[in-house]
Amino acid sequence: GAAVAPALVKAGHHVTAILRPTGPVPARLRTQGIDVLTGDLSDIGANRSALEGYDALVHCARDTSAHGAGIDRQVIDACREVFWRAGRGVFVYASSAWVIGPTRGAVDESTPINPPEVERDRAATEQAVLESQGGGVRALVVRPGLVYGGDSGVISDMLRDACNGIVRVVGSGDNHWPLIYRDDLADLFVRLITHAGIAGVVHATDG
């Protein structure tokens, strides 16, 4: 979200970011020309109101609590209701390549998924997003690989650990992860919103 919002502004869009109300609003958002609303994913009424009048929602948040899947479904239903009532809208949901599960060789968007337990709820969430398609609404599910760039995320954490000499490799170490550079991923979100002919599932990896 922190990369997608300024990328959309740079492309000429008016952007409002919804942030968790747990801390101060980062000053950089104001300087980047981004409007800010604070709210919680579980406050469906506030989220529904926040969507009124907007043309697109990029949903990058994730509630990892035991109630997260249900909250996500409420957010999706609220988005669908607002956009369907308006007769237009683009709904882009940031899922994860992890939902695909273990693979051997190349896969594409038509590959059946076999999500690990930690991502088990994603399949139903993705399906709910895709079912928002229609009535003037365009729905997209983006499955990024591991995002690198910036100072947060799995890759950055591993590099910090390596600098401290505490990386431990489980198994033989010959497994492979699909990667995606953060700014490339943000550019993809901008392109998906702009190109009206694209809908459905999109894999987002460097190669």
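Residues numbered from 1 in each chain as written. Predicted model: local features only at pLDDT ≥ 70, side-chain atom pairs only at ≥ 80, totals over all residues. Heavy atoms only, no water.

*Asks:* Would you mind showing me how to read the overall build of the protein here?
*Replies:* When its secondary structure is counted, the protein shows seven helices and eight strands. Whereas a compact globule of 207 residues would reach a radius of gyration of roughly 17 Å, the protein reaches 18 Å, a difference of no more than 12%. If you line up the protein on its principal axes, its C-alpha atoms span 55 × 40 × 35 Å. Here the protein, with 207 residues, has 34% of them falling under the buried criterion. The contacts of the protein with a sequence gap of at least 6 include a subset with a gap of at least 24, amounting to 68%. When the accessible surface of the protein is totalled, it reaches about 11,800 Å², and 54% of it is carbon and sulfur. If you average the places of the 19 positive and of the 24 negative side-chain charges in the protein, the two averages end up 2 Å apart. (Helix = DSSP H or I, 4+ residues; strand = E, 2+ residues; numbered from the N terminus. Rg over C-alpha atoms; globule rule 2.2 N^0.38 Å. Buried < 20%, exposed > 50% of the residue type's maximum accessible area, 1.4 Å probe, protein only. Contact = heavy atoms within 4.5 Å. Areas by Shrake-Rupley, 256 points an atom, 1.4 Å probe, with all protein chains shown as cover. Lys, Arg positive; Asp, Glu negative; His and termini not counted. Charge placed at Lys NZ, Arg CZ, Asp CG, Glu CD.)

*Asks:* Explain helix 7 (residues 182-194) to me, please; I cannot follow it from the model alone.
*Replies:* Because each turn of an α-helix spans 3.6 residues, side chains separated by three or four positions end up pointing in the same direction. For helix 7, spanning 13 residues, the distance from its first C-alpha to its last is 19 Å, which sits close to the expected 18 Å at 1.5 Å a residue. Among the residues of helix 7, those classed as buried are Leu185, Ala186, Phe189, Val190, Leu192 and Ile193. Mapping the buried residues of helix 7 onto a view down its axis gives an arc of 165 degrees, with all of them on the same face. (Expected span 1.5 Å × (residues − 1). Arc of directions from axis to C-beta.)

*Asks:* Honestly, the packing of aromatic side chains in this entry has me stumped. Any pointers?
*Replies:* Two descriptors summarise a pair of aromatic rings, namely the distance from one centre to the other and the angle between the planes of the rings. Within this structure, the stated rule accounts for two aromatic pairs. Summarising the aromatic geometry, the rings of Trp98 and Trp177 are spaced 5.9 Å apart at their centres and angled 80 degrees between planes, so their arrangement reads as edge-to-face. Taken together, the residues span a long stretch of sequence, with Trp98 in the loop between strand 4 (89-94) and helix 5 (122-130) and Trp177 in the loop between helix 6 (154-163) and strand 7 (179-181) at a distance of 79 residues. Ring centres of Tyr148 and Tyr181 lie 5.4 Å apart, and the angle between their planes is 45 degrees; on these two criteria the pair is classed as tilted. With Tyr148 in strand 6 (residues 146-148) and Tyr181 in strand 7, this residue pair connects regions lying 33 residues apart in the sequence. Judged by relative accessible area, which is 28%, Tyr148 ranks as partly exposed. Residue Tyr181 is classed as partly exposed on the basis of its relative accessible area, which comes to 31%. (Phe/Tyr/Trp six-rings, centres within 6.5 Å; stacked < 30°, edge-to-face > 60°.)

*Asks:* Explain the pattern of salt bridges to me, please; I cannot follow it from the model alone.
*Replies:* Side chains carrying opposite charge are able to pair once their charged atoms draw close together. Going through the model one piece at a time under the given rule, you end up with 13 salt bridges. Here Arg85 and Glu81 are joined by a salt bridge, their closest N and O atoms 3.3 Å apart. Here Arg85 and its partner Glu81 are both found in helix 4 (residues 68-86), four residues apart, which amounts to about one turn of the helix. For Glu81, a relative accessible area of 35% gives the class partly exposed. (Salt bridge = Lys/Arg side-chain N within 4 Å of Asp/Glu carboxyl O.)

*Asks:* I would appreciate a short explanation of the sheet that holds strand 3 (residues 56-59) in the present structure.
*Replies:* In space, the four strands of this open sheet follow the order 3-4-5-8, with parallel pairing throughout. The strands lining the two open edges of the sheet, one partner per strand, are strand 3 and strand 8 (200-204). Taken over all neighbouring pairs, the strand axes of this sheet differ in orientation by 15 degrees on average, direction set aside. Both strand 3 and strand 4 contribute to a ladder of four bridges, which runs parallel. In the sheet register, Ala56 faces strand 4, and the bridge partner there is Val90. Helix-sheet contacts for helix 4 involve strand 3, strand 4 and strand 5 (137-144), and the interaxial angle to strand 4 is about 165 degrees. Packing of helix 7 onto the sheet brings it into contact with strand 3, strand 4, strand 5 and strand 8, and relative to strand 5 it is tilted by some 165 degrees. (Pairing = 2+ DSSP bridges. Axes fitted to C-alpha atoms, helices over the stretch in contact; angles between N-to-C directions.)

*Asks:* Quick question: what am I supposed to make of the layout of surface pockets here?
*Replies:* To locate leftover empty space, one rolls a probe as large as a water molecule over the atoms. Taken as a whole, the second largest pocket spans an internal volume of roughly 640 Å³. Taken together, 22 residues line the second largest pocket, and the ones lying closest to its centre are Gly101, Pro102, Thr103, His176 and Pro178. Among the residues making up the lining of the second largest pocket, the classes are represented as 10 nonpolar, eight polar and four charged. (1 Å grid on protein atoms, 1.4 Å probe; cavity = no way out; pocket = protein on both sides within 12 Å on 5 of 7 lines; lining within 4 Å. Points joined across faces, edges and corners; volume = space filled by probe spheres on them. Nonpolar A, V, L, I, M, F, W, Y, C, P; charged D, E, K, R; others polar.)

*Asks:* How should I be thinking about helix 5 in this particular structure?
*Replies:* Along helix 5, the residues that are buried comprise Arg122, Thr125, Glu126, Ala128 and Val129. Considered in projection along helix 5, the buried side chains sweep an arc of 160 degrees and stay on one side of the axis. At its buried positions, helix 5 is contacted by helix 4, strand 4 and strand 5.

By themselves, these are just geometric observations and shouldn't be taken as functional.
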